[in-house]
Amino acid sequence: MGIPNGPRTWAESKKKRIDTLAASAGRSGRGEGAGDGPGGPATGEAGALKGAEGVSLLAAAWRRLRRNAVFLIGAAIVLVFVALAIIAPWIAPHDPAGRILVDQIRPSNPIPQPQPGFPLGGDSSGRDLLSRLLVGARQTLFVGVMATLGGLSGGVLLGTLAGAFGGPIDSLIMRIVDVMLSIPALLMAFTIAAMFAKPTQWTVIMAIAIVQVPIFARLLRGSMLAQRRSDHVLAARALGVKQAPIVIRHMLPNSFGPVIVQATLVIAGAIIDAAALSFLGLGNPDDRSPEWGQMLGKAQEFFNTFPHLAMWPAACIIVVALGFTLMGESLREALDPKSQR
Amino acid sequence: MLGYLIRRILQMLLALGVLSILLFAWLRLLPGGPVSALLGDRGTDEDRANLEAALGLDQPIYVQYLKFMGRIFHGEFGPSTGVRPGYDAMEIFLDRLPATIELSFLAMLIAVSLAIPLGYLAASKRGRLLDNGLIAVSLVGVAIPVFFLAFVLKYYFAVKLGVLPPSGRNSIGIEGTRVTGMFLLDGVLTGEWDVAWDAARHLILPALALATIPFAVIFRITRASVLEVLDEDYVRTARAKGLTSRVLRGRHVLRNALIPVVTTIGLQIGALLSGAVLTERVFNVRGLGQALALGFETRDYTVLQVLVMMAALIYIVVNLIVDLTYAFIDPRVRLG
């Protein structure tokens, strides 16, 4: 077996990543879903910790993560932005929707310059840019988190059904997933968003969420298949526990780790995708409550004359996306038994 | 092998068939639709009815679909309503395709020729400053919205420094002979070097912007894959028996490490197609991406339907080819 641990075919590449994740759920069961997965039984630290006296998976992960600089940086960034999203309305110097500087706008000067009390100046409607950036954290995170949660719930439901029951249900669900994966992801999000003549915040969330469904579905299916023949499930079945409780109480909790990893990474992508939708005019046109992607999309027409208008929301998006990515990648590493060597 | 091929093609056709139904139905069933997009809120009810009849939208949905499929088999995909009114959607697709192929190919070339050597370098310097620096670059590369990067490149190199053209595919007055529709290639083929040079200058910035995401992803896969292979017993054995590091690198490490990288390259075609929508719009490159962006804006459903379907077809076919090449690259891979 000299083949590196990596995808070899298109179909396999997605499966493979999911296998690794499924294995990192800390179970040693290898069902048919694991295929020729390279990791072997999850005998690494994650597996050992799972059996350790009374240490929960989260506690164990936390013990390892709190010394991981990458995780701490990512988590710090995310925490700062979450805190900002909560307290922004109180620390914002002005009303983010108030067109306070509107009388400074001239045809020759469409953007109010920075001035005392308005350190970043105003936007093209004469609203305070700093206040909009601060308050924008709330809406941006909301869209990112809601889209992720939407994709997660859809994907978890489909993947669980497919993996836990198998047979025709599995085939049907996986064919649907294949169809969804046959369009490049972002292009599909654009297409879904364009189906609505009047976009709102919710069409944006829905467009991004639907694209995430197949990813979570495959992840969950892999994890379910890997567990179907594992000892704890067989034991529960032997005790006469019914199928539904087995799936809900004994199998689903073990998929928790990889789902969290994936969700953390998806939030970053969702925030960036929301910005792309706004750029194409498919975003939420209602800008009373600001959102960074929307601010960035609106700033495009002034890019060559007033680049700062785009730079600020873009910087916020990049930093917060980076925060979630760093967190997700280090979580993945912490939960992956292979990385413990 | 043949059985596998047939099964994959059948799967592909099924996916495309389902996709066509979904695209067809959704685009029409949802509120708004092409009539609202064309008339806005101004049209009277009579205007609406006339337009609907003209577009065939007054018939039952399954009739519309059957008619749509029937026309497809006659090579008519339906008239555009917004991107280029009156033109057939397929005509628009064929007209726009060369520009996007050229741009995507160049972007992928940039991404691959940087990502694989750098990925190898990072893996062989694991944990050092260079490795961490490159990882940081690749993480930031994914976190930057593509269109924003495109604007930044355009601002610095075209607007501020003025060294490269800000938009379009060629300069006014420099029109070469059209052979393939790819301006750079045409210039080279016909020997019109000024045309080729002009086309290349227009391509650099959009290709760079488009290359970032594939670069970041391919870089990280290469690095991970090389690390994996370096750990293998056969590499240790090869080293122990005293092979020069050049033979070791080329024949043992890179060759095995590249297998997952090739798959990733196939998958990144998807990122290129989505990214082209954003980049081509920023640089006003008249390619598929720009047509799609315009289609989204004007809700030109006929064109969207055809372009999205064709994008899916390209994506699936490229990945099928990538999968098939494994049988040739790596005899251990059994397709089936």
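Basis of the calculations
Residues numbered from 1 in each chain as written. Chains lettered and ligands numbered in written order. Predicted model: local features only at pLDDT ≥ 70, side-chain atom pairs only at ≥ 80, totals over all residues. Heavy atoms only, no water. Helix = DSSP H or I, 4+ residues; strand = E, 2+ residues; numbered from the N terminus. Buried < 20%, exposed > 50% of the residue type's maximum accessible area, 1.4 Å probe, protein only. Contact = heavy atoms within 4.5 Å. Areas by Shrake-Rupley, 256 points an atom, 1.4 Å probe, with all protein chains shown as cover. Lys, Arg positive; Asp, Glu negative; His and termini not counted. Charge placed at Lys NZ, Arg CZ, Asp CG, Glu CD. Domains from an automatic or database assignment. Buried area = accessible area lost by both parts, 1.4 Å probe. Salt bridge = Lys/Arg side-chain N within 4 Å of Asp/Glu carboxyl O. Polar contact = N/O pair within 3.5 Å; in protein donor to acceptor, adjacent residues only side chain to side chain. Nonpolar A, V, L, I, M, F, W, Y, C, P; charged D, E, K, R; others polar. Patch = residues over 30% accessible without salt bridge, like charges linked within 9 Å, V, L, I, M, F, W, Y side chains within 5 Å. Core = buried A, V, L, I, M, F, W, Y, C linked by side-chain atoms within 4.5 Å. Axes fitted to C-alpha atoms, helices over the stretch in contact; angles between N-to-C directions. Left-handed = near helix turned anticlockwise from the far one by under 90°. pLDDT = per-residue confidence, 0-100. Expected span 1.5 Å × (residues − 1). Bend = angle between axes of the 7 residues up to and from the residue.

1. Some remarks on the overall build of chain B
When helices and strands are counted, chain B shows 13 helices and zero strands. Counted from the first residue to the last, chain B has its helices and strands arranged as α-α-α-α-α-α-α-α-α-α-α-α-α. Dimensions of chain B, computed from the C-alpha atoms along their principal axes, are close to 85 × 55 × 40 Å. Looking at chain B as a whole, 50% of its 336 residues qualify as buried. Within chain B, contacts between residues separated by at least 24 positions form 70% of all contacts whose residues are at least 6 apart in sequence. Of the roughly 16,000 Å² that chain B leaves accessible, carbon and sulfur atoms contribute 65%. Taking the average place of the 31 positive charges on the side chains of chain B and the average place of its 26 negative ones, the gap between the two points comes to 14 Å.

2. Structural notes on the overall build of chain A
Looking only at helices and strands, chain A has 13 helices and zero strands in total. Walking chain A from its N terminus toward its C terminus, one meets helices and strands in the order α-α-α-α-α-α-α-α-α-α-α-α-α.

3. A closer look at the domain arrangement of chain B
All names here are of chain B. As far as domains go, chain B holds domain 1 (2–74) and domain 2 (90–167 + 210–335). Counting residues at the interface gives 16 residues for domain 1, matched by 15 residues for domain 2. Buried area between domain 1 and domain 2, summed over both chains or domains, comes out near 1,500 Å², and the portion from carbon and sulfur atoms is 80%. Counting across the interface, domain 1 meets domain 2 through one salt bridge. The salt bridge involving R8 is made with D323; its shortest N-O contact spans 2.8 Å. On inspection of domain 1 and its partner domain 2, the count reaches one residue pair in polar contact (both at pLDDT 80 or more). Among the secondary structure elements, those contributing two or more residues to the side of domain 1 that touches domain 2 are α1 (2–29) and α2 (33–39). The leading source of residues in the side of domain 1 that touches domain 2 is α1, at 12 residues. Residue composition of the side of domain 1 that touches domain 2, by class: 12 nonpolar, two polar and two charged.

4. Looking at the side chain of B:S80
Residues and elements named next belong to chain B. Secondary-structure assignment places S80 in the loop between α4 (61–73) and α5 (89–124). You can call S80 buried: its relative accessible area is 5%. Within the local environment of S80, its side chain forms a polar contact with the backbone nitrogen of G82, the two atoms lying 3.5 Å apart. Not counting chain neighbours up to four residues away, the residues in contact with S80 comprise P85, G86, Y87, I92, D300 and V303.

5. So, a nonpolar patch on the surface
Where nonpolar side chains cluster on the molecular surface, the patch consists of A:V82, A:I86, A:I87, A:W90 and A:I91 and spans about 520 Å² of accessible area. The topology assignment puts A:W90 in helix α4 (residues 69–91).

6. Details of the nonpolar core
Judged by nonpolar contacts, the single largest core of 144 residues is most densely connected at A:F190, A:L280, A:W292, B:F147, B:F148, B:L278 and B:F296. Here this core takes 15 residues from helix α13 (residues 308–335) of chain A, the largest share from any one element. Here this core spans two domains, since at least three of its residues come from each of domain 1 (2–74) and domain 2 (90–167 + 210–335) of chain B. Those residues in contact with B:F296, other than ones at most four positions away along the chain, are A:L187, A:F190, A:T191, A:A194, A:L280, A:L282, B:V277 and B:L304. Counting residues in each nonpolar core, the second largest holds 15 residues, with A:V156, A:A164, A:V233 and A:A236 among its members.

7. A closer look at unusual backbone geometry
All names here are of chain B. With a phi angle near 50°, N284 is a residue other than glycine that sits in the positive phi range. Of note, N284 is situated in the loop between α11 (245–282) and α12 (288–298). The phi angle at R299 is positive, at roughly 50°, despite the residue not being glycine. One can find R299 in the loop between α12 and α13 (301–329). Overall, R299 belongs to the buried group, its relative accessible area being 6%.

8. Quick notes on the packing of helix α9 (residues 231–238) of chain A against helix α10 (residues 243–251) of chain A
How two helices sit against one another is set out by the angle between their axes and by the gap between those axes. Residue and element names in this part refer to chain A. Across the interface, α9 lies against α10 with an axial gap of 10 Å and an inter-helix angle of 145°. Classified by chirality, the crossing of α10 by α9 is right-handed. Listed contacts from α10 to H232, V233, A236 and R237 of α9 are Q243, I246, H250 and M251. When grouped by side-chain class, the residues that make up the contact of α9 with α10 number four nonpolar, three polar and one charged.

9. Some remarks on the confidence of the model for chain A
Residues and elements named next belong to chain A. Of the residues in chain A, 81% reach a pLDDT of 70 or more, and the chain-wide mean stands at 80. Mean pLDDT per element in chain A: helix α2 (residues 45–51) is the minimum at 44, and helix α5 (residues 129–165) is the maximum at 92. Every residue in residues 1–8 is under pLDDT 50, and counting partners more than four places away or in other chains gives 32 contacts.

10. Re the environment of A:A83
Secondary-structure assignment places A:A83 in helix α4. Spatially, the C-alpha atoms of A:A83 and A:A137 are 9.2 Å apart, while their sequence positions differ by 54 residues.

11. So, α5(B)
What sets the pattern is the α-helix's 3.6 residues per turn: residues three or four places apart point alike. Residues and elements named next belong to chain B. For α5, spanning 36 residues, the distance from its first C-alpha to its last is 50 Å, which sits close to the expected 52 Å at 1.5 Å a residue. Bending of α5 peaks at approximately 35° at the position of L97, with proline P98 no more than four residues after it. Measuring from the side-chain oxygen of the N-cap residue of α5 to the backbone nitrogen of M90 gives 3.1 Å; that N-cap residue is D88.

12. Focus: the pattern of salt bridges
Pairing between side chains of opposite charge can happen when their charged atoms approach one another. Residues and elements named next belong to chain A. Applying the stated rule across the entire model yields 16 salt bridges over all chains. For R218, the salt bridge is made with D178, and the minimal N-O distance between the two is 3.0 Å. With R218 in helix α8 (residues 201–228) and D178 in helix α6 (residues 167–181), this pair connects stretches of sequence that are 40 residues apart. Salt bridges sharing partners connect three or more residues here, namely D123, R127, R132, D287 and K298.

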